Amino acid sequence: MSDASTTTDPFLYDRSGRRYDLTDPRWRGDDGTPLGLSALPGITPDQIVTSERSIWRYQAAIPVDAQHRVSLGEGCTPMVPLDWDGRRVHFKLEWFNPTSSFKDRGVAVMVSHLVGQGTKRVLEDSSGNGGSSVAAYSAAAGIGAKIIVPESTSAAKILQARAYGAQIELVGGTRDQVSNEAIRQSEQIAYASHNWHPLFLQGTKTVAYEMWEDLDFSAPDNVVIVAGAGSNILGCDIAFSELLVVGQIKHRPRLLVGQPEHWATIADTVNGLDPAARGERVPTIAEGASIANPTRLPEAVEAIRRSGGAAVAVPEEAIRAAVRKLASHGLYAEPTSCVAIAALDHFIADGTIGAGETTVVVLTGAGVKSSEKMTTVFDLDINNHPS
């Protein structure tokens, strides 16, 4: 996502172009925009610490001093090839991360960075998975955590964050209103926002490094992703850019993105549509992707276009059907993840994904994290089991 030149001495910068030292304890620029990290050199296979079974096997690509590392064994998730309507498709199972979602990658690096700065307590706002992850890694680091969540958040996700010892504050209103409240409170406590903090993306990018390694050090043709704020879009863009610069891959994979139709700000912008034209935001079963105003919208759109990719708004019933279809293949992913499945089927049907191409679908979180919503998909009552 960086427009800065590749350098071994990284720095932060905002959209106005102002530079900040990486040690500066800030989460946004003086111009109020999110911070990017200057481009880092990619790594080569011989720099991978093969004895390490976590994202830290790519330590050479992570701009955090190893002495401050906070890890729960995140990363190294399975990438399972399955037959999908006659095609071989790889599914990246991110629920094998410690808190059962992809957020652990970014949070591990972000919290490690904050610990290195001497931070003792952090604040996060989240619809669920991000908060659970920040709570877990804060507990592992021995620092305090306060998580602000929408009142509509899955009870299982709130319970998980509470179990790690985090203070929970429920806020009514939209996901964006929750974020605004967190920003207001960030005057008193370090804001460890997975949407704002630039070091989060430095952890998220490791999912692409794993694809590269698992595919015998080559790039897939397509990466299919669900997007809310777009951190997986940006993480993949960063990693594949790094690998391209050092000649470790021959091409940039196309980033193919799905979003719930009433929360498709990124997809609509990519497609030249006005997101406001959709009218009122309708609640979606894919709660983790219900973000109306992504913090890094211009960067996410640029990343998709740079890759030659595409984006689609997915109808609600298509998300539900995708949950059921994926489960029929033995994979139980939360509805938010299954937006990517609906997008996969769309891009196969319209010819964007060609026969014989190597495609990876990132499944961001486990179905067990959204049990209430999963029961509606399968029309079941978990308290009244059939005989």
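All values derive from a computational prediction rather than experimental measurement. (Residues numbered from 1 in each chain as written. Predicted model: local features only at pLDDT ≥ 70, side-chain atom pairs only at ≥ 80, totals over all residues. Heavy atoms only, no water.)

(A) View of the overall build of the protein chain. A count of helical and extended segments in the protein chain gives twelve helices and 13 strands. For 387 residues, the compact-globule estimate of 2.2 N^0.38 gives 21 Å, and the C-alpha radius of gyration of the protein chain, at 19 Å, lies within 12% of that figure. In terms of overall dimensions, the protein chain has a C-alpha envelope of 55 × 45 × 45 Å along the principal axes. Considering the protein chain as a whole, with its 387 residues, one finds that 58% of them fall into the buried category. Sequence-distant contacts, at least 24 apart, represent 71% of the contacts inside the protein chain between residues at least 6 apart. Here the protein chain displays about 14700 Å² of accessible surface, and carbon together with sulfur accounts for 49% of that area. For the protein chain, the distance from the average site of its 34 positive side-chain charges to the average site of its 45 negative ones is 2 Å. (Helix = DSSP H or I, 4+ residues; strand = E, 2+ residues; numbered from the N terminus. Rg over C-alpha atoms; globule rule 2.2 N^0.38 Å. Buried < 20%, exposed > 50% of the residue type's maximum accessible area, 1.4 Å probe, protein only. Contact = heavy atoms within 4.5 Å. Areas by Shrake-Rupley, 256 points an atom, 1.4 Å probe, with all protein chains shown as cover. Lys, Arg positive; Asp, Glu negative; His and termini not counted. Charge placed at Lys NZ, Arg CZ, Asp CG, Glu CD.)

(B) The arrangement of the pattern of salt bridges in detail. All told, the structure shown has 22 salt bridges when counted by the stated rule. In this structure, Asp24 engages Arg26 in a salt bridge whose closest nitrogen and oxygen atoms are separated by 3.0 Å. Its relative accessible area of 23% is what places Asp24 among the partly exposed residues. The partner of Asp30 in a salt bridge is Arg26, with the nearest N and O atoms 3.1 Å apart. (Salt bridge = Lys/Arg side-chain N within 4 Å of Asp/Glu carboxyl O.)

(C) Looking closely at the nonpolar core. Ranked by internal contacts, the top residues of the largest apolar core, which has 70 residues, are Tyr209, Met211, Val223, Ile233, Cys236, Phe240 and Ile266. The greatest single-element share of this core, amounting to seven residues, is contributed by helix α7 (residues 231-245). Contact partners of Ile266, with chain neighbours within four places excluded, come to Ala227, Gly228, Ala229, Gly230, Ile233, Gln259, Pro294, Leu297, Ala300, Val301 and Ile304. Membership of the second largest hydrophobic core comes to 35 residues, among which are Val312, Ile319, Val361 and Met374. (Core = buried A, V, L, I, M, F, W, Y, C linked by side-chain atoms within 4.5 Å.)

(D) Representation of helix α10 (residues 316-327) in the model. Given a rise of 1.5 Å per residue, twelve residues ought to cover 16 Å, and the 17 Å separating the end C-alpha atoms of α10 matches this to within 8%. Buried within α10 we find Ile319, Ala322, Val323 and Leu326. Looking straight down α10, one finds its buried side chains confined to an arc of 105°; they lie on one side. (Expected span 1.5 Å × (residues − 1). Arc of directions from axis to C-beta.)

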